[in-house]
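# Structural features, examined
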Amino acid sequence: MAGRNVPYDTNRDIRGDFRAEIREFLGTRRARVTPEQVGLPVYGDRRRVTGLRREEVALLAGISSEYYTRLERGNATGVSESVIDGIARVLQLDEAERTHLLDLLRGANTTRPPRRRPAQQRVRPTVQRVLDSMLGTPAFVLSGRLDILAANHLGRALFSPVYADPVRPPNNARFVFLDPGATEFFRDWEKVAGDTVAMLRAEVGRDPYDRRLSDLIGELSTRSEEFRRRWAAHNVRIHTSGMKLLHHPVVGDLDLPFEAFSLGADAGQSLLTYTAEPGSPSQEALNLLASWAVVDEDIERSAPTNDSESAETPESAETPESAETPESAETPD
C-alpha cells in the first residue's frame, strides 16, 4: 500500500498491506496526544515514546492492552463500534480520521478482489450544463484523486496555470507538487500542500483498488520529497469549505471562499465552486478575469473536449488486463 514511509515502488500495489496502514496510522495518532492532554500523571522524564503508550490508550479506551496491541498490529477481526468509539475518543480523532480508520479496518477484513481496470469517470451533460450556467462563478467537477474532470469557462481561466500541463485530465495534486509555479499560484502553498496530501490519503482508504490513484501516488512519491514527507504523516482530511489565497498571473491576488458539494449520483465526484465577497478587490479581479477569458483563446485551447478520455502520459496510461505479467497479478491474502 502506498502509505508506507519509504519511496514508492512502482511495481508495488497500493492495495496491499492494510495491516501496516493501521499500525502506522494509529501510531502517528498516539504520538500526537500527550499524557497531560488526557489527564494521565507523568512521573519523571524517562518516557521513551512520543505521546501515549499502547497500554495507556487501552486503559483509557476500556479495553485490554493485549487487545489494543493486536488491533494496532492490524488484527482487526470483529472490532465493535464501541471499541472504535473508545479509541477515537482517546486519540482525539476527528470525523475524517475516524472514517479513515473504519475504511482501513474494513479493508483489513476484506479479501482483495481481482486487479481491476477502473472505469472512465465521465461528467454527465446535465452537470456540465450546471457548470456552464454559473457565469460569474468559477466551478469545477473533481474526482477523488483530484483530477479536474470538467470546468466552466471562468474556472478554466482561474486555473489556467493548472491547465498549462499537457497531461489530461489536469490534476491538482500533480500541479501542487510537481509544478514550480504552484508556490506562486497558491499564496498559502504550505496549507494547500498539506490539505492535498490529506485528501489523497483519505481517498486511498476509501478506494484502495483504484489503479489510477495508485499510479498518481507512485508518481508523486517518486518525484517529490515534499510529498513523501507529508505522506508519511498519515494525516487525513474532509475538505468541503474554506478560503483559497491565489495569485493569478493575469489579475493578481484573489481571496476566494470555496464550497465543495458531493455529486450523489456520481460516485467519487464533487462540485467545487469559488466566489468572492461582493464589492471586494477579489470580486473586481474576478470580473477582470472573466473579461480576459472571453478574448483569450489560449484558455479554450488548454481545455480538452473530454477530459476523462484525453490521452495521459505513458506513466499513467492504463494497460489491458491481458498484458499484466504474472508478477503484477493479484494473489489472495
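Small disclaimer: the values here were computed from a predicted structure and weren't measured.

### Focus on the sheet that holds strand β1 (residues 139–142)
Strand pairing in a sheet relies on backbone hydrogen bonds, with the paired strands running either antiparallel or parallel. Spatially, β2-β1-β5-β4-β3 is the arrangement adopted by the five strands of the open sheet, whose pairing is antiparallel. Looking at strand neighbours, the two that pair on one side only are β2 (148–151) and β3 (241–248), the edges of this open sheet. Within this sheet the neighbouring strands show an average axis-to-axis angle of 30 degrees, counted without direction. Strand direction decides the pairing type here: β1 and strand β5 (residues 270–274), joined by four bridges, are antiparallel. Bridged to Phe140 within β5 is Leu272. Strands in contact with helix α6 (residues 125–133) are β1, β2 and β5; relative to β2, the strand with the most contacts, it is inclined by about 55 degrees.

### Some words on the side chain of Thr196
Topologically, Thr196 is positioned in helix α11 (residues 189–206). If sequence neighbours within four positions are ignored, Thr196 has contacts with Leu146, Ala173, Val176 and Phe177.

### Some points on the nonpolar core
Ranked by size, the top nonpolar core spans 43 residues in total, and within it Phe159 and Leu200 carry the most contacts. With residues up to four places along the chain from it excluded, the contact list for Phe159 reads Phe140, Ile148, Asn172, Phe185, Leu246 and Tyr274. Counting 29 residues, the second largest nonpolar core, distinct from the first, contains Phe25, Ala76, Val90 and Leu105.

Calculation criteria
- Residues numbered from 1 in each chain as written.
- Predicted model: local features only at pLDDT ≥ 70, side-chain atom pairs only at ≥ 80, totals over all residues.
- Heavy atoms only, no water.
- Pairing = 2+ DSSP bridges.
- Helix = DSSP H or I, 4+ residues; strand = E, 2+ residues; numbered from the N terminus.
- Axes fitted to C-alpha atoms, helices over the stretch in contact; angles between N-to-C directions.
- Contact = heavy atoms within 4.5 Å.
- Core = buried A, V, L, I, M, F, W, Y, C linked by side-chain atoms within 4.5 Å.
- Buried < 20%, exposed > 50% of the residue type's maximum accessible area, 1.4 Å probe, protein only.

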